[in-house]
Structure formats: C-alpha cells, structure tokens
Amino acid sequence: MRFIFKIILIAGLSYLFELFLPWWSVVIAAFLVNLWMPSKGFVDFLSGFLGVGLLWLIYAWLIDSDTASVLSARIAQLFNMPNASFMIAITGLVGGIAGGFAALSGSQFRRIFIKDEPKRGYYS
C-alpha cells in the first residue's frame, strides 16, 4: 500500500512541478518523496521508475493522440525509429530511468545524513 502511495505521490508532484518548472523537476519530486519515505534500495528505484515513467508515458500518449500522431511520427522519422508508438515507449523509459535514479538518490541521501532510530528488539 505504501509502495502504491509513493508511486501516486511521485506522479502527482512531478505533474505539478512540470507545470511551472523545467522537465528535470520530476527528478526533484522523486528525490523528495523518497527522502521523506525511504524503503529498501530496489523498491525505491522501482517507485521512482514507475511514478515518473508512467506519467511521461501517459502524457506522451495524450499529446500524440491530440496531435493525431503528426509530431511524434516526425520525431520518430528524425531518429530513424520504426513508428510513433516506439517513440512514446522510449519517452516513458527515459523518464522512468531518470525518476528511478532520483528516487534511489533520495533514499541513499537520507541513509547518509539522517540516522533512523534502531528498532527495539526483545533484549534491548
């Protein structure tokens, strides 16, 4: 449940940041969310990857459907890609990788500078 909440929070903050800031502000959103709510390493990466990747994939698909594939088809042709759908998938993958590494950086930053209290065990 916490994992899904993190994905939704990263996607929502990334969307809000992109309204007012440059494209790389999605990295700040993923970093801040995982700084606030860290998990284990791969889960952090996956939450950032899915949060930003799905946002960019859906947003690229919406732009593609609004423009009747004119823009994405021309960009795909410019980069010698087979079709516009491949271009949309690459967009989601690039966003996912950027978000994943930002989320992992936020989690590792917290582990370096903020010490969590150890959990009390049976003998302590």
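Residues numbered from 1 in each chain as written. Predicted model: local features only at pLDDT ≥ 70, side-chain atom pairs only at ≥ 80, totals over all residues. Heavy atoms only, no water.

A.B. asks: Would you mind showing me how to read the nonpolar core here?
C.D. replies: The nonpolar side chains of a soluble globular protein tend to be buried, and buried together. Counting residues in each nonpolar core, the largest one holds nine residues, listed as I10, V26, A30, V33, V52, L55, W56, A102 and A103. At the level of secondary structure, the elements contributing two or more residues to this core comprise α2 (25–36), α3 (41–66) and α5 (84–113). With near-sequence residues (within four places) excluded, A102 lies in contact with V27, A30 and F31. (Core = buried A, V, L, I, M, F, W, Y, C linked by side-chain atoms within 4.5 Å. Buried < 20%, exposed > 50% of the residue type's maximum accessible area, 1.4 Å probe, protein only. Helix = DSSP H or I, 4+ residues; strand = E, 2+ residues; numbered from the N terminus. Contact = heavy atoms within 4.5 Å.)

A.B. asks: Would you mind going over the packing of α3 against α5 with me for this structure?
C.D. replies: A pair of packed helices can be characterised by two numbers: the angle between their axes and the separation between those axes. Following both chains from N to C, one finds α3 and α5 inclined at 150°, their axes separated by 6 Å at the closest point. Classified by the angle between their axes, α3 and α5 sit roughly antiparallel to one another. Between α3 and α5 lies a crossing of right-handed hand. Considering only residue class, the contact of α3 with α5 consists of 16 nonpolar, 10 polar and three charged. (Axes fitted to C-alpha atoms, helices over the stretch in contact; angles between N-to-C directions. Parallel < 35°, antiparallel > 145°, perpendicular 65-115°, else oblique. Left-handed = near helix turned anticlockwise from the far one by under 90°. Nonpolar A, V, L, I, M, F, W, Y, C, P; charged D, E, K, R; others polar.)

A.B. asks: Explain the pattern of salt bridges to me, please; I cannot follow it from the model alone.
C.D. replies: A full pass over the atoms with the stated rule returns one salt bridge. Across the pair D44 and K6 runs a salt bridge whose closest N-O atoms are separated by 2.9 Å. Placement of D44 in helix α3 and of K6 in helix α1 (residues 2–20) is noted, with a sequence separation of 38 residues between them. There is no split in this pair, since D44 and K6 are both buried. (Salt bridge = Lys/Arg side-chain N within 4 Å of Asp/Glu carboxyl O.)

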